[in-house]
Amino acid sequence: MVVLGIETTCDETGAAVVERNDNGTGRILSNVVLSQIHEHAVFGGVVPEIAARAHVEALDYVISRAMVEASQSFDRLDGVAAAAGPGLIGGVIVGLTTAKAIALVNGKPLLAINHLEAHALTTRLTSGTAFPYCLFLASGGHTQIVAVCGIGDYHLLGTTVDDAIGEAFDKTAKLLGLGYPGGPQVEKDAARGDPARFELPRPMSGRREPDFSLSGLKTALRLEAERIAPLSDQDVADLCASFQKAVVDVVHDRLRAGMKRFWGRHGTPTALVAAGGVAANQAIRKVLQRVAFENGIKLEVPPPELCTDNGAMIAWAGAERLALGISDPLDFAPRARWPLEEVSGPPPASPGPFQGSAEHA
Ligand code: KG4
Ligand code: ZN
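Computed from a predicted structure; not experimentally measured.

The rules we used
Residues numbered from 1 in each chain as written. Chains lettered and ligands numbered in written order. Predicted model: local features only at pLDDT ≥ 70, side-chain atom pairs only at ≥ 80, totals over all residues. Heavy atoms only, no water. Axes fitted to C-alpha atoms, helices over the stretch in contact; angles between N-to-C directions. Helix = DSSP H or I, 4+ residues; strand = E, 2+ residues; numbered from the N terminus. Parallel < 35°, antiparallel > 145°, perpendicular 65-115°, else oblique. Contact = heavy atoms within 4.5 Å. Nonpolar A, V, L, I, M, F, W, Y, C, P; charged D, E, K, R; others polar. Expected span 1.5 Å × (residues − 1). Buried < 20%, exposed > 50% of the residue type's maximum accessible area, 1.4 Å probe, protein only. Polar contact = N/O pair within 3.5 Å; in protein donor to acceptor, adjacent residues only side chain to side chain. Donors = N, O, S within 2.8 Å, 3.2 Å for Na, K, Ca; no water. Phe/Tyr/Trp six-rings, centres within 6.5 Å; stacked < 30°, edge-to-face > 60°. Lys NZ or Arg CZ within 6 Å of the ring centre and 35° of its normal. Near = heavy atom within 4 Å. Areas by Shrake-Rupley, 256 points an atom, 1.4 Å probe, with all protein chains shown as cover. Arc of directions from axis to C-beta. Left-handed = near helix turned anticlockwise from the far one by under 90°. Pairing = 2+ DSSP bridges.

A. Representation of the packing of helix α5 (residues 165-175) against helix α8 (residues 233-266). It is at 12 Å that the axes of α5 and α8 come closest, and there the two elements cross at 170 degrees. In this view, α5 runs roughly antiparallel relative to α8, as classed from their interaxial angle. Together, I165, A168, F169 and T172 of α5 and F243, Q244, V247 and V251 of α8 make up the contact between the two elements. A class-by-class count of the residues in the contact of α5 with α8 yields six nonpolar, two polar and no charged.

B. Examining helix α4 (residues 115-126) more closely. Between the first and last C-alpha of α4 there are 17 Å, a value that for 12 residues agrees with the 16 Å anticipated at 1.5 Å per step. Among the 12 residues of α4, 11 are classified as buried, and the element is accordingly described as predominantly covered. Looking at α4, one finds that the buried residues are H115, L116, E117, A118, H119, A120, L121, T122, T123, R124 and L125. If you check the start of α4, you find a side-chain oxygen 2.7 Å away from the backbone N of L116, and it comes from N114. G128 lies just past α4 and shows a positive phi near 65 degrees.

C. Fine view of the coordination of the zinc ion (ligand 2). At this site the zinc ion (ligand 2) is bound by H115 (NE2), H119 (NE2) and D309 (OD), with donor distances of 2.1 to 2.2 Å. Mapping the donors of the zinc ion (ligand 2) onto the primary sequence gives the spacing H-x3-H-x189-D. Placement of the pair is H115 in helix α4 and D309 in the loop between α10 (304-307) and α11 (311-323), with a sequence separation of 194 residues. Among the residues examined, D309 registers a relative accessible area of 14% and is labelled buried.

D. Quick look at the packing of aromatic side chains. Across all of its chains, the model carries four aromatic pairs by this definition. Ring centres of F136 and F212 lie 6.1 Å apart, and the angle between their planes is 25 degrees; this geometry places the pair in the stacked category. Within this pair, whereas F136 is found in strand β6 (residues 133-138), its partner F212 is found in the loop between α6 (182-190) and α7 (215-228), the two being separated by 76 residues in sequence. Each of the two residues, F136 as well as F212, counts as buried. Over the face of the ring belonging to W338 we find R335, whose NZ or CZ atom lies 4.5 Å from the ring centre.

E. Region of interest: the site of ligand 1. In the region of ligand 1, 17 residues are neighbours, and G140, D170, G183, E187 and G277 sit closest. Within the backbone of G277, one N or O atom sits 3.0 Å away from an oxygen atom of ligand 1. Summarising the interface, the protein chains cover 88% of the accessible area of ligand 1, which totals 550 Å² for the free molecule. The biggest single contributor to the shell around ligand 1 is α6, with four residues. Taken together, the residues of the shell around ligand 1 break down into four nonpolar, 10 polar and three charged.

F. Representation of α5 within the structure. Among the residues of α5, I165, G166, A168, F169, T172 and A173 are the ones counted as buried. An end-on view of α5 places all buried positions within 160 degrees of arc, on one side of the element. On its buried face, α5 sits against β6, β7 (143-150), α6, α7, α8 and α9 (282-294). The positive-phi residue at the C-terminal boundary of α5 is G177, with phi of around 70 degrees.

G. Layout of the packing of α7 against α8. Running from N to C, α7 and α8 point in directions that differ by 160 degrees, and their axes come no closer than 11 Å. Classed by the angle they form, the pair α7 and α8 counts as roughly antiparallel. Viewed along their axes, α7 and α8 form a crossing whose handedness is right-handed. On α8, the residues that touch L217, L221, E224, A225 and I228 of α7 are D235, L239, F243, A246 and V247. Here the contact of α7 with α8 is composed, by residue class, of eight nonpolar, no polar and two charged.

H. Inspection of the sheet that holds strand β8 (residues 153-159) at higher detail. Strand order across the open sheet formed by five strands is β8-β7-β6-β9-β10, with mixed pairing between neighbours. A strand with exactly one partner marks an edge of an open sheet, and here the two such strands are β8 and β10 (298-300). Taken pair by pair, the neighbouring strands of this sheet meet at an average axis angle of 25 degrees, ignoring direction. Bridging between β6 and β7 involves six bridges; their strand directions are antiparallel. The residue bridging L135 from the neighbouring strand is V146, located in β7. The strands touched by α4 within the sheet are β6, β7, β8, β9 (271-275) and β10, with β6 carrying the most contacts at an inclination of about 125 degrees. With respect to the sheet, α9 is in contact with β6, β9 and β10, its orientation differing from that of β10 by roughly 145 degrees.

Below is the structure:
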């Protein structure tokens, strides 16, 4: 089956066409992403109103390019998928309404996809990863450890009680005058810095609950920066290196706790899977590799362009759901907030003729 996917929950306008074969393997026929980074960079972060307007301006073009690159026409699609949340609501409305229009005019099923579910399932498109697996999702808006046991069968093992990891990188970069998005800049400067120069806290370390907290680390970094101001180039590099080392230690400790909880509640995972922009960080990848090794499982990290927001992951999640006979009504409401655990799976199979009610027994 062939599905068009639309992504507009944050600052990336994405559209893609993905094919899913009956044996569960997938193929990306096109994947067009138009980043708005330059429009937001001057503000040091994403401005929701600017994002929504930019999606309106770009989406038609991005969709038609995705369709042309895939050599597809709307009437040949099996379904139309769009991210219906969670995210910045203006952008979500733009993408979901467009998908509804295409689905309605062409008589195709609509798939209203949870953006986090799409991140969670990408590894099945790129590597055919079997359930159950442990997902570490770390982006600008989310930091979660999730047991992915099936389509619509997601169990949150741990999350952040304040900032997301990517957000902490972005705020650190802003504080040090490094520009937006901050993650790649902080990683670059960290490479020439001394990770041992500043003693920063490792919040939540040692706790049994696999949760994260980043705001104390961020504040500690700010206090150190203020203490030694004005900052030289080397000071900035040392602050970046010390911050990144603290985050890496936190991720190591928290993921160990998360894996322990996974084994206790869901048995043996087939893999540790990373998703979200933060997974692009080499130091963090190294520690993920270590956690996977400690647990005797493989680490799966989709290629960088599929770790960050894109239309292919939305199309793929749509195809996975459509293959199970799931679709959504055209009046599906966009959602700013939509926890992964609230995503529904396929309806329970109807009982066979001899296993139903007591009358049959
Ligand atoms: O998944 P993503 O593209 O967008 C969403 O937030 O949904 O993730 C972007 C986040 C930003 O906060 C960015 O600073 C962070 O991922 N990021 C990184 C790196 N590359 C991107 N953080 C640390 N190191 C990196 N190399
Ligand atoms: Zn995302």
